[in-house]
Amino acid sequence: MNGLWILRGLGVTLKHFIETYIEDFRQGKKRYFTAQGIEQRRSSKTRGIFTVQYPEEKLPVPEEFRYLPFLVYEEVNGQRKLRCTACGICAKVCPPQCIWIVRSTDPETGRPVPAPSEFYIDVDVCMNCGFCAEYCPFDAIKMDHDYEIASFDRQREHVFDLQKISKPVTYYAKIRPGNYAEEQRARMMKEAAKTIA
Amino acid sequence: MDENELNLRPNQIPEELKGSIAVTTLDRIYNWSRRNSIWPMMFGLACCAIEMIATAASRYDFSRFGMEVMRASPRQADVMIVSGTVTKKMIPQIVRLYNQMAEPKYVIAMGACASGGGPFKEGYNVVPGIDRFIPVDVYIPGCPPTPQALLNGLITLQKKIDSESLKSVRWYQKGKIEPIPIPVLGPDLIDPRQSPLIKELCQSQISNVSPAGTPENLEAHHDNQLD
Amino acid sequence: MTTSWIETQLTEYLLERFGEAVQPDSRPGYLGFLVARNKLLEVCRSLRDEFGFDYLSSVTGVDYHPEPFMEVVYHFYKSTGGSALVMKTQAPRDNPTVPSLCSLYPGADFQEREAWDLLGIRFEGHPDLRRILMWEGFAGHPLRKDWREPFFEEDAKPFKSRWPEGHFIRVEDNNPYKNNVSYPPDFDPGKWVPDKDELLYGGLQSFEEDSEIKTERIVVNLGPQHPSTHGVFRMVVLLEGERVVDLKPVMGYLHRNHEKIGERNTYLQNMPFTDRLDYICSMSNNFGYALAVEKLMGIQPPERAEYIRVMMAELTRFLNHMFSIGFLLNDLGAFFTPSLYAIEERELILDIFEEVAGSRMMCNYFRFGGVARDVPEQVLDKIKTLVHDRLPRKLDEFERYLTHNEILRSRCEGVGVLTPEQAIALSVAGPVLRASGVPYDVRRADPYSIYERLEFDVAYGIHGDIYDRYLVRIEEMRQSLRILRQVLKDIPNGPVMAGKPQFQVRVPPGEAYGRVEGPKGELGFYVVSNGKPNPWRYHVRAPSFINLTSLKTMAHGAKVADLVAILGSIDIVLGEVDR
């Protein structure tokens, strides 16, 4: 019969429509605005409505998620100490060349000091590829999870300087617990090997 | 600083609105109705357009903000989401589309390319930021911004609309709003507003007086000539 | 590389018959033959008619500046399968002229125009040699090695200004116009007359004159801002009533100078740029590029990495076909519901990519000799539930929803037909080629990675119309799932990277052409190395771009409304068309 398959197709859309209400009924209140509900909606079992209602609900980003880079600092006796040694590998490996580093020099001897005195990332050029974090030998630069950074002015806001991209190691441990634990383990092993030797 | 506060940003106020905000009830109604029916133009340039489509699709669904009506015609659109790399070959059309949009109109530069050239900035056919030609209201960094980042940008735009006032908005001011002159494709992209400057600098190159250009630029000219 | 019997035969035959005119390319790391310019057509005709090399895959130029010559490189294949035959011809650099192969292989059309546009190589006998990516009137041919763009900093990355004295400056602030422009010295914008596209419009012609009803012919521009063109693509259509009489695609509105930037980047730096070629399937692009460079470096990824690569490539194929069918339906007027269903499944796959590679779309996941990081066990479980349960179920539902739909069938059947002969001659690739009844799939015809060991069938159609393309895509998704099931069952444990990850790889001099069966068709990367950290020549054989050559043939005689559907059925992505 002509038109039969059109009706069957419409049946599919109807099924999608009804499933939403069935699921609502089945899952009750926890379906919306709860972490569990969001997780259910992004699993392969999801049926019916698929929408995650940003900004009230936010899809959690996975650990490997990368947006913009940031520099990790550690707090030692109330002083910020950047892990970065200004070795320049991130600036070299950066595909669009958006990282600018000025290596600091000792004011007395004039010799280079392993720390950056200026560090810029041009956000309007950065392609979020994650190479800087991947190839940094000191675990000093990491990819951030913060994506809510829309602004009204790019001339002032979109060149991230040292102040803006430095974040504490606790923040890093919070957004990337797996990576952090892995790194700590590697560091401990290294130190253990050192003490044995 | 607490980690939770780390990524919080102070309330931003657009530069042009600073010191001029006086919100009345009428403004509030006016802005409320406008901010909840922003129709984007159905206009995609590159990678970011796919994320824009994803934002329009069921998971992120920007019709929750009254934006579901993507209009293919600039006459019916309120916001132009410049989603992707703006090339020199495309910029005349984009400026024309912008001119054809009716006031009030907004522009969102989505992603690094539209904001400032992005990873392709060094290329010969890329415009380093759409704001060289048309005024931009909200910039969204990222390459590409995830759908949630785009939604965040759209909410930022809503905030901007909220802070506008009937008394000062440009489309109720006296006088005509001049359209933006449309760029011309010459040996390179010609911005008509720069024509006198181009003429002057090119003339000065003939007479071998060093212009303000860098040596590389001069070399590039030389090479072009050889071809 | 072992030379087979037939290749030895071919070499002997060519050398004997053409004598001096054909020489084996003896430069270290190079393959194939150097052919004298004046004998090129003759040699190619013999190759096509006597040896069966009927498929011209890629045409590109290489500028060997400061050497005084330019080279045009051709990759021929047999449509029955097998490895490539590489032919090269050289022309003096100051006036490079090479005979056009359009008369033998119509598929060379756009590629020769591209070589003219970007390298300034003139192809004699080409029917329509205009610029294709840049506009008429643009000064210079940008891919020449001595041509420099306004934002030129250095010949090779990394730039010295970034470290250790990296005082930030916006590059446009160095430019007198504060913009990405430069002009020839004697230029006067007041006297400039922009190109009015006379050549473009003048070149439109009708195929036939003997129609019964004489109507006025009108030219219609579809695009570059048009909702049905999947981006910034423009078609100039000559119409007679509703019927398309002639059509010319215009592109370059998203030309992002991929190749020029690619030749400045180091090998590794190109990897995230390949993501942005066909931005819907970044994993496949990574795959092709990694293969080409690995060929040059002579390394092999470990077993687990190969499995992961294939897994990612097949997931990509699935999501791409979902997306493309959704948007084909969009073009047919079923606005957004099929796309919404397709994007739902796509989102679930993107979640996996995000978890594994860190980004939804720009995965940047492959490295030379492996992949960036291992796939965690819980993600593998997620993929398993998707592949075994969700995706097949949803694909069935999708089919129930669409495949037999009467409107879809009457819109698609018999529309946009491409015969097998035309498809091969026009160098069409991927589902479009297979729907025309040519079961050519690089995964089978010239296997790479572990595809040889996997069981799957090559889907192909009979009629070569839009409907067959749709069916081929559906069947390919099923085959992808079949591959995924095998891969998930057999994936071994072990490292995912051969050797230590390096950001500066050593690539010996030579050339390599790596190709994969991308979701859109044969995706090839031609890389020439001179031993330095950045490639000397980096060219992408983009399937979407070359598939567009067939648009004119398919659209001839169709209605305007069908034209939109035909374009949708080719499944182009502008990032790849314009690069």
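Please refer to the structure higher up on the page.
Residues numbered from 1 in each chain as written. Chains lettered and ligands numbered in written order. Predicted model: local features only at pLDDT ≥ 70, side-chain atom pairs only at ≥ 80, totals over all residues. Heavy atoms only, no water.

Re the overall build of chain B
Looking only at helices and strands, chain B has eight helices and five strands in total. Ordered by position in the sequence, the α and β elements of chain B form the string α-α-α-β-α-β-α-β-α-β-β-α-α. When each of the 227 residues of chain B is scored for burial, the buried share is 61%. The long-range fraction of contacts in chain B, counting pairs at least 24 apart against all pairs at least 6 apart in sequence, stands at 75%. Summed over all atoms, the accessible surface of chain B reaches about 9000 Å², with 55% contributed by carbon and sulfur. (Helix = DSSP H or I, 4+ residues; strand = E, 2+ residues; numbered from the N terminus. Buried < 20%, exposed > 50% of the residue type's maximum accessible area, 1.4 Å probe, protein only. Contact = heavy atoms within 4.5 Å. Areas by Shrake-Rupley, 256 points an atom, 1.4 Å probe, with all protein chains shown as cover.)

What to know about empty space enclosed by the protein
Under the definition given, this model contains 16 cavities of 30 Å³ or more. Counted as a void, the largest cavity has a volume near 170 Å³. Lining of the largest cavity is provided by 17 residues; of these, P96 of chain A, K121 of chain B together with E153, R162 and V171 of chain C occupy positions nearest its centre. Classifying every residue of the lining of the largest cavity gives 10 nonpolar, one polar and six charged. (1 Å grid on protein atoms, 1.4 Å probe; cavity = no way out; pocket = protein on both sides within 12 Å on 5 of 7 lines; lining within 4 Å. Points joined across faces, edges and corners; volume = space filled by probe spheres on them. Nonpolar A, V, L, I, M, F, W, Y, C, P; charged D, E, K, R; others polar.)

Focus on the side chain of Q158 of chain B
Examined against the element boundaries, Q158 of chain B turns out to sit in helix α6 (residues 147-162). For Q158 of chain B, the contacting residues outside a window of four places in its chain are R35, N36, I38, F65 and M67 of chain B.

Concerning the pairing of strand β15 (residues 537-541) of chain C
All names here are of chain C. Most of β15 sits out of view: five of its five residues are buried. Side chains of β15 alternate between two faces, with R537, H539 and R541 and Y538 and V540 buried alike. Two elements, strand β14 (residues 521-529) and β15, share five bridges in a ladder whose sense is antiparallel. Considered in β15, the bridge of V527 is made with Y538. (Pairing = 2+ DSSP bridges.)

Side note on the packing of aromatic side chains
All names here are of chain C. For the structure on display, the rule yields 37 aromatic pairs over all chains. Between the aromatic rings of Y448 and Y451, the centroid separation amounts to 5.1 Å while the plane-to-plane angle is 70 degrees, which identifies the pairing as edge-to-face. A relative accessible area of 8% means that Y448 is categorised as buried. A relative accessible area of 0% means that Y451 is categorised as buried. For R444, the ring lying beneath its charged end belongs to F456, and the centroid distance is 3.9 Å. (Phe/Tyr/Trp six-rings, centres within 6.5 Å; stacked < 30°, edge-to-face > 60°. Lys NZ or Arg CZ within 6 Å of the ring centre and 35° of its normal.)

A word on the pairing of strand β2 (residues 79-82) of chain A
Residue and element names in this part refer to chain A. Bridging between strand β1 (residues 69-76) and β2 involves four bridges; their strand directions are antiparallel. Within the sheet, the bridge partner assigned to Y73 lies in β2 and is L82. Here β1 hands over to β2 after two residues, with N77 in that stretch at a positive phi of 50 degrees.

Some points on the interface of chain B and chain A
Across the contact, 45 residues belong to chain B and 38 residues belong to chain A. In this assembly, chain B packs against chain A so that about 3500 Å² is buried in total across both faces, 54% of it on carbon and sulfur atoms. Across the contact surface, chain B and chain A share one salt bridge. As a salt-bridge pair, D131 of chain B and R154 of chain A come within 2.7 Å of each other at their nearest N and O atoms. Our count for the contact surface shared by chain B and chain A stands at 12 residue pairs in polar contact (both at pLDDT 80 or more). Elements supplying a minimum of two residues to the side of chain B that touches chain A: α1 (3-6), α5 (111-116), β3 (138-140) and α6 of chain B. Sorting elements by how many residues they give to the side of chain B that touches chain A places α6 of chain B first, with eight residues. Of the residues assigned to the side of chain B that touches chain A, the class counts are 18 nonpolar, 15 polar and 12 charged. (Buried area = accessible area lost by both parts, 1.4 Å probe. Salt bridge = Lys/Arg side-chain N within 4 Å of Asp/Glu carboxyl O. Polar contact = N/O pair within 3.5 Å; in protein donor to acceptor, adjacent residues only side chain to side chain.)

Topic: the packing of helix α1 (residues 4-27) of chain A against helix α9 (residues 337-357) of chain C
Across the interface, α1 of chain A lies against α9 of chain C with an axial gap of 12 Å and an inter-helix angle of 55 degrees. One way to sum up the angle between α1 of chain A and α9 of chain C is to call them oblique. Of the two possible hands of crossing, α1 of chain A and α9 of chain C adopt the one that is left-handed. Here V12, T13 and H16 of chain A of α1 of chain A come into contact with α9 of chain C, specifically with T337, Y341 and E344 of chain C. For the contact of α1 of chain A with α9 of chain C, the per-class residue count stands at two nonpolar, three polar and one charged. (Axes fitted to C-alpha atoms, helices over the stretch in contact; angles between N-to-C directions. Parallel < 35°, antiparallel > 145°, perpendicular 65-115°, else oblique. Left-handed = near helix turned anticlockwise from the far one by under 90°.)

Details of the interface of chain B and chain C
On the side of chain C, 76 residues touch chain B, which itself brings 67 residues to the contact. Roughly 6700 Å² is buried in total at the junction of chain B and chain C, and carbon and sulfur atoms are behind 61% of that figure. There are eight salt bridges connecting chain B and chain C. Among the ionic pairs, E347 of chain C bridges to R59 of chain B, the shortest N-O distance being 3.4 Å. Across the contact surface, chain B and chain C share 29 residue pairs in polar contact (both at pLDDT 80 or more). Counting only elements with at least two residues in the side of chain B that touches chain C, the list comes to α3 (47-56), α4 (91-100), β4 (184-185), β5 (189-190), α7 (195-206) and α8 (215-226) of chain B. With nine residues, α7 of chain B is the largest single contributor of residues to the side of chain B that touches chain C. The residue makeup of the side of chain B that touches chain C, split by class, is 35 nonpolar, 19 polar and 13 charged.

Here's the deal with the side chain of T55 of chain B
Residue and element names in this part refer to chain B. Examined against the element boundaries, T55 turns out to sit in helix α3. Owing to a relative accessible area of 0%, T55 belongs among the buried residues under this scheme. Discounting chain neighbours no more than four positions away, the residues touching T55 are Y60, D61, F62, P147, L150 and L151.

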